Each structure stands twice: as C-alpha cells, then as structure tokens.
Amino acid sequence: MRRDATHADARLARWLVAPALLVVTGVALVPAAATAWEALHRHDLRLPWLGTPFVGLANFAEALGDPRFAAALARTMLFAAVSVPIELACGLALALVMHHLVRGRAIARVGALLPWAIPTVVAALAWRFFFETSDPGGVGWLTRPVAAWVPIVAADVWKTTPFVAVLLLAGLQTIDPALYDAARVDGASPARQLVTITLPLLAPALVVAAAFRTLDALRLFDLPYVMTAGGPGTATEPLSLYAFVALMQRLRVGYGSALSICVFLLALGVAMAAVRALGRAAPGGHA
Amino acid sequence: MAGIALERLAKTYPGGQVAVQGVDLLIDDGELLALVGPSGCGKSTLLRMLAGLEVPTGGRILIDGRDVTAEPPQARDLAMVFQSYALYPHMTVAANLAYSLRVRKVGRAAIEARVAAAAEALDLRALLDRYPGQLSGGQRQRVALGRAMVREPVAFLLDEPLSNLDPGLRASARAELLRLQRRLGATMVYVTHDQEEAMTLGSRVAVMRDGRLAQVAPPLELYSRPANAFVAGFMGAPPMNLLPAGHARVEAPEGATAGVRPQDVLVGDGPLVGVVDVVEPRGHDTVVHLRLEGPGAHGVVAVVGGTPPAPGTRVALGWRADRVHLFDRDGDRLTES
Amino acid sequence: MNGGRVVTGAAGVCAVGLLAAPLAWVAIASLMPDSLVFTRGVAATGLSLDHYRALLAERGFLLAIRNSLVVAGLTTAVALPLAATCAYAIARLPLRGRGPLLAVLLAVSMFPQISVVAPLFLVLRELGLINTYPGLVLPYVTFTTPLAVWLLTAFFRQLPRELEEAALVDGASRLRTLRDVVLPLAAPGLSSTAILTFLYAWNEFLFALSFTFDADRQTVPVAIALLRGRYQVPWGQVLAAAVLASLPVALVVAAFQRRIVAGLTAGAVKG
C-alpha cells in the first residue's frame, strides 16, 4: 500500500526533531561521554607531563577508598533523606491551603512562587545573612559542622516548597470533590479524609514530587557553595561540590570526572526507582 | 464536480481492529449520498479516508478517474465540514472563510468576491468581523459550510454537521442544506447516524454495518425493499418488527425471518392475538407496544391512528401478505414483497 | 463552613507570610545603613539607598544585570523555537522512536551539571567561547530544551485535532498549519514555557560560574556570590544586589503567575 502522505509527514517529523536532538546530544551527551572517558583516565592538569594514560576503574577505586568521598556521599544522601520529606510535608500543607483558598488566590500564588523563582544564590545569601547576623539561640550556626546544615536545609525547604506545592496542587485539583462529600456524610473527620482519600489519590503526584526533589537534592551545589563554601572545613560539602573542587580547584580532571559520574549514577538510580514506583502508583503514569 | 469511486476500500488499525472492509462505492457527480449506520460501523472512518485524514490499508480512491489514494488531504480538492465545525477560533469569520483561498494563493479580488458570495448565500454578512466564540451554534454551522463552499471543491464531505444543533434548528438547517446542494449542483457525501436525516437528504443512501456496506439505494427503495434484515430494522421509525416467519404465521422456508413495519400492522384484525403493553400517543398517531400470545411471546410495535386500545386489552393482530418482508437465515432478502 | 474559610484564610496568610518574610526582610535590611544592619528589628528611621548607590556605581552591577538579561533573553529566543518544532513533531506527526526520544530528553534534564562542566569547559575553551554570551547560551539552551519539549508536547496534545485537520483539508501544509493554527492557539503554553526557560537562565549558577571569569561578563547570580569586601562581607551591598536580582523575577512572577502555574502543572500532569 503506497503511503506517500505518511512518509512525507514522517520525513518532516525527523527534520523537525533534528535540531533539538542535535543540540542536546552535542552539548550534553557528548560532554557526558567525554566525562565518562576522562573518568577512566588519569588526567591532572597540574601534571601535564604525565599525559592521560588509561587507568580503567582506578579513579573509582580511589574514590571508594577516599574518606572525603565517603563523607560527601553520606552527607548528600542524609541531606536528601532529611530535606525531601520536609519539603513534601510543607508542600502538601501549602497545596492544601492554596486549594481551599477562596479569595486572594492570585496573591497567594505570587507570594508562594517568589522563593522558587528567585536565584538560588539570593536565597542562600538571605538565609546566611539571617543566621549570621541574628544568630537565633546564640549557636553560631554556620561555624559549627553539624549546625551549619540547618541554614542550608532551611534555605532549600524554603526555596522548593512552592515547587512541590504547585505539583501537588495540580494533583489535588483532579480529585473528585464528591468523594469528600460522601466521606463527610459517612461521618469522617477532616483528618481522616486526608489520610483515606487525599493521600492515596495524591500518590502519583507525591511520587513525582519526591522524585524531582530527590534528584535535585542529590545534585545539591549552589546553596552550600554560597552559604558555607562547603565549610567549616568540609562539613557541608556534598558530592557535587567535592567533584567541583577536584575538577576546578585541584584540576584533577580524571578523578573529578569519576566523582561526577558517581553523582550521575546516584541520580539515575533514583530516577529508575521513581519510574518503577510511579508505574505502580498509577496506571499510565510517567513516560 | 466529479464522480468519486471507492474500490475495495479497507482500513485495519495497527492493533488489529477492523474499521472498514472491502467497500465498493460509486458516487455520481452532483448527487448527495448519505452514509448512515450505527456507532462504530465505520462511516466516519470511510469519510476520513476519502478526505485523506486516514490512510487506507487496502483498496483505492479515485476522484474523477484520478487515483488519489496516496495523496495528502491538501492535494485532493475536497472540502470537509466537521461535526464540531472546527472553526479557527483565533480568526474572524471572514478570515475563516478566506483561509483556504489564501493558502492556495488565490488573488485578493477573487478571495473577496468568493467570500462575499458565500456570506450572501448563507446569511453571514453581518457576522464577518466576529469571532467563532461569539457565534451561536447555528451560526457556526453556517460558517463551517461557508468555509467549504468558498473553495468550490470537487466534492463536499460532511461529518454529522447537524448533530450538534438544537432539534428545532436541525429541520430548517437540513432544508437549507438541501437547497444549497441543489443550487450548486454539488457532490456531497453526508455522514450521519440519524436514519431519518439520511432518508430526507440523500438522493441515495448507503447503509453501513461493521465496516461493510449493507445496502446502497435511493431512500424509498431502502424503505420498501430492504436488502437484508439489518437494513430493514435500521431504517424507519419505529423500527420494523422482525420475527421468525413461523411465529408470524407466514409461509416461508425453514429459519426465515419475517418483517412487518409498524405502520403495516393491523390492530383488531388478523389471525394473531396480542396484549397491549404500553401506549405512546404522538399526537397525529399512536405507537402501541404489544406482546404476542403464542410461541416466543414476541414484542410487536404498531402505529395506529384514531383511538388506541387501552393497556391490558387483548386484541387481534395481523398483516397483509404483500406487506411482509422475508429474509433467509443469513438475513438476506428472500422474496418480492 | 464559614469557620473553615476563616481558618484557611489565616493559614494562607501565615504560609505566604512565612514564604515572603525572608525576602521582605532582605529588602528592608538592604535599605538600612551599615551601622544598623547588625541589629535585630527594623528601625523605621535611617532608611537609605547608600548600598544601592555603591553597588551600581562602584561595582558595575548594572553590567551583570545587562549580561543576565542578554543571556536569558537569547536562551529563551533560541530554545523556544527549537523545542516547539520538536514538540509538534512528537505530538502530531508519525515519528518512530518517540518513546526513546522523550526518554533521552528526560535523561539530559536529569544530568548533574557537574558531570558535564569539565568537558564542556574544555570544548568551549577550544572554541574560544569562554567569557562570551554564546558560551553560556549554548549550555543553557541544551538544558532547558528537554523540559520545554516535554511541556510543549503536553500543550500541543491538548489542542483539538480537528482544527489541524481542517487546515490540512483547506490545503495548508503541515508547517503552515503549525504556524497559522497550532502556534497561535498554543500561545498560553508557549508563554508558560518561555517564562520557565527565562527563569532558569536568569537563576543559573554553576555554568555561569565556570564559563565566565571577567567581572564584566558575569551574570547576576555569579556577581552576587563573588561580592567580596576587603575585610568582611559587604552585607549591605550584597543584600541590595539580592534585591536587584530578584526584582525582575518578582515582576515576572506577579505578572504571569497563572502562566507559571499552568506550565508547572502541565509538566506534572503529563509526568
């Protein structure tokens, strides 16, 4: 069966897709492949006479034995484990409030979106300023290894709660209000309605939000860089920052690349888990 | 205007679903062919294949002798009126009407002339500067028609163009459409699920079922000599009564089905007996639902004038032999009626 | 029921207050002269624009704003057509490998930027693009296009197919249909995507930090982060810079909040 019309369309489709694909592959995938290549070689820009010999997985082996790497990895995962649930809870609360708001929805949205929209650097500086100058509790937050994480978490939660809230708001708006009416007639309290109706039906949106936030948490860079430069010492240095230090400051391209590959693998693992969870949470979810 | 020929046209979807199988159809220059059938029978798919919006998996489409099967919609010079009208919401009525001409690079003067002519014919002159969102359903339908008219195409394809109109408006719109078609001498393929609409409009009616043509004939022939039990039961309202020939006390071969139109059922006279179940007065006449006594306890619908019998009454039922349609066990027409 | 509404209203005010408070505080603090900056509470007297003057005059902060505007504007201007054509092909045209394509795009948007900074730096250096506008626009376009394609595909899919079919039957080619019918109708989706792209480019930090080093080529986030005094952090000026960096964003958010929400939720609903 001759199908010239479809063929013409298919050809056009390929032409239309080509530019975007080209740019994305060229500027993202090729460097990513280059990073992978670098990760398998020794490449120290301060020791150029050593060349770039192939060293297999030596960089990764070094990372596994590197206490700074282990610490950075642990910190990164701990940060994700702490900040994401807080962001989900706050985001849900904000979404519920915005959902039920009758008047002033526009103002609420503007106010809510501002933290998300401004540069991370600004958020970092604002919170750093607050903790440094007003020092609640006289703790000297940013000068202590563990306490220094509090301003970072606070800034992260503050900045990303609106994003989570908007995602969840969309999910809330798809829940049939008749379900709540039926529950009220059956005598269910608002708290019970939340647990038995809202949360289960919101599951797909929650998984999406959790996935996005976890991916971002694992790639944390801007906030600690500006707020603490990874300090005091390396107490607030997440994995991305360590990779950055290795690459840009210590100029160990091979090792730094291996570290950044680790970050990528971590993100990939989370993404795959999220896709699977989404497949289970709702039919016809993610791509 | 041109003749359209469909040869063994078929469409099977990648999932295996068969929409149209082996349709042969000839549409004469200048005729209005109504394509009718129940939901899912393939009539819309057939129309869309004609338009080029669906690609057939088998068969050919010829317009004026030219094989257009492989050609995209743009090359076919057919105009289509969609069920939802599909007016461009961001363009004025005038721009909607002119769009196809602009695309084909018709000269400005010619565009203005044609748009004015269509606006005149469809009483749209006052609406030319409005946007579709500001129009009523009837007005939008006229714009959709005008958009097709302006192109002076080889043929018009209409996909249930009146089904979104209020019932009152539908009758007058139908008459308008018929008048327009006659005036333009336009070839039209008109898809509808309303058999009454098909009967009123078409010079010929093609009845479809499960992707196949059940019968193609002028309306009256469809009504008086249906080729099979399906067409018999589909055309006419209330639908024809269909019973096993034996239960209808009709001479016929084994396994035959007898069909009698409600209008041909004689209430109060005949060899059968039935009990009146429900009575629906329609003003001019009354639809009477009865249940036959005897094997099968079939439901029979009759249309009577005058005073109908009350529910629960036992009445005699019968019909003239020459009013009975007979169908064999495959459903095809048996004898002359 | 009225009690419920009051509670919600109060909660709304609290929530918005909590979210906006730090920004308001920063704004107020930026207007206070240095001597008062380290005291808690706002002194109504003593508001001044000193920090702003110093920032703009001495630090050439205006340059940073100009750089950010150019980079963000160019990024949006390039990424949008790129993404729109790609999204239309995915949404409406017969395309093999649609799934893998979307998956690849999604994967790119998940890349830790740190993974591509080094090789990208080397390539850009080879091409002489360090410290230039294209040197930033190119990576920005790359990392905003996937999300833009996702969002626009969702928006295009929501348009009624019959409108495009009517245009085809009217004789318009696919590209013409895209231009005359699809794009005008997708305007809300396009503007949502444009806004999100612009915000990303305006706020981006790591690439801007890595690919520019001249003070007069820096974008706003980098310029703020690198504000250093000789003996201590010039907080007044830093806060003033923060306010200036946030003002355009605040205006955009205020003007387009509905579009932003629509953009984010379209992405969410479609996964």
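As the structure is a computational prediction, the values presented were derived from the model and not from experiment. (Residues numbered from 1 in each chain as written. Chains lettered and ligands numbered in written order. Predicted model: local features only at pLDDT ≥ 70, side-chain atom pairs only at ≥ 80, totals over all residues.)

(A) Looking closely at the overall build of chain C. Counting its regular elements, chain C contains 13 helices and zero strands. Starting at the N terminus, the α and β elements of chain C follow one another as α-α-α-α-α-α-α-α-α-α-α-α-α. (Helix = DSSP H or I, 4+ residues; strand = E, 2+ residues; numbered from the N terminus.)

(B) Summary view of the environment of Trp235 of chain C. Relative to the helices and strands, Trp235 of chain C resides in helix 13 (residues 235-269). Separated by 78 residues in the primary sequence, Trp235 of chain C and Arg157 of chain C have C-alpha atoms spaced 49 Å apart.

(C) Representation of the interface of chain A and chain C within the structure. Contacts between the two partners involve 75 residues from chain A, matched on the other side by 77 residues from chain C. A per-element tally of the side of chain A that touches chain C places helix 1 (residues 4-39) of chain A first, with 18 residues. Residue composition of the side of chain A that touches chain C, grouped by class: 56 nonpolar, 14 polar and five charged. (Contact = placed C-beta atoms within 7 Å. Nonpolar A, V, L, I, M, F, W, Y, C, P; charged D, E, K, R; others polar.)

(D) Up close: the nonpolar core. Among the nonpolar cores identified, the biggest contains 287 residues, and Leu259 of chain A, Leu35 of chain B together with Ala83, Ile224 and Ala242 of chain C are the most heavily contacted of them. Those residues in contact with Leu35 of chain B that sit more than four places away from it in its chain are Lys43, Leu46, Leu47, Val189, Tyr190, Val191, Ala206 and Met208 of chain B. (Core = buried A, V, L, I, M, F, W, Y, C linked by C-beta atoms within 7 Å. Buried ≥ 20, exposed ≤ 12 C-beta atoms within 10 Å, placed from the backbone.)

(E) How the structure looks around the pairing of strand 12 (residues 257-260) of chain B. Residue and element names in this part refer to chain B. Burial along strand 12 is two-sided: the face carrying Thr257 and Gly259 and the face carrying Ala258 and Val260 are both buried. Strand direction decides the pairing type here: strand 11 (residues 241-244) and strand 12, joined by four bridges, are antiparallel. Looking across to strand 12, one finds that Leu243 is bridged to Ala258. The pairing of strand 12 with strand 17 (residues 325-327) spans three bridges and is antiparallel. (Pairing = 2+ DSSP bridges.)

(F) Summary view of the interface of chain B and chain C. Listed as interface residues are 16 residues of chain B and, on the opposing side, 14 residues of chain C. At the level of elements, strand 6 (78-81) and helix 2 (93-103) of chain B are the ones that each hand at least two residues to the side of chain B that touches chain C. Taken together, the residues of the side of chain B that touches chain C sort by class into eleven nonpolar, four polar and one charged.

(G) Local environment of the packing of helix 2 of chain B against helix 3 (residues 108-121) of chain B. All names here are of chain B. At a closest axis distance of 10 Å, the pairing of helix 2 and helix 3 adopts a crossing angle of 135°. Regarding the angle of helix 2 to helix 3, the classification is oblique. Handedness of the helix 2/helix 3 crossing: right-handed. Contacts between helix 2 and helix 3 involve Ala94, Leu97, Ala98, Leu101 and Arg102 from the first element and Ile111, Arg114, Val115 and Ala118 from the second. Taken together, the residues of the contact of helix 2 with helix 3 sort by class into seven nonpolar, no polar and two charged. (Axes fitted to C-alpha atoms, helices over the stretch in contact; angles between N-to-C directions. Parallel < 35°, antiparallel > 145°, perpendicular 65-115°, else oblique. Left-handed = near helix turned anticlockwise from the far one by under 90°.)

(H) Representation of the domain arrangement of chain A within the structure. By domain assignment, chain A separates into domain 1 (4-28) and domain 2 (58-281). Centre-to-centre separation of domain 1 of chain A and domain 2 of chain A, based on C-alpha positions: 35 Å. (Domains from an automatic or database assignment.)

(I) Focus on the sheet that holds strand 14 (residues 286-292) of chain B. Residues and elements named next belong to chain B. In space, the four strands of this open sheet follow the order 15-14-13-16, with antiparallel pairing throughout. Since the sheet does not close on itself, it has two edges, and those belong to strand 15 (299-304) and strand 16 (314-318), each with one partner. Each strand of the sheet is rotated relative to its neighbour by a mean of 50°, with strand direction disregarded. As paired elements, strand 13 (residues 266-281) and strand 14 share seven bridges and run antiparallel to each other.

(J) The arrangement of the pairing of strand 8 (residues 188-192) of chain B in detail. Residues and elements named next belong to chain B. Taken across its five residues, strand 8 has five buried, putting it largely inside the fold. Here strand 8 shows two buried faces, one formed by Met188, Tyr190 and Thr192 and the other by Val189 and Val191. Direction of pairing for strand 3 (residues 32-36) relative to strand 8: parallel, over a ladder of five bridges. By the bridge assignment for strand 8, Val36 is matched with Thr192.

(K) The sheet that holds strand 17 of chain B, seen in detail. All names here are of chain B. Within the open sheet, the three strands sit side by side as 11-12-17. Their pairing is antiparallel. Across the chains shown, the open sheet's two edge strands, defined by having one partner strand only, are strand 11 and strand 17. The mean inter-strand angle of the sheet, taken between neighbouring strand axes irrespective of direction, is 25°.

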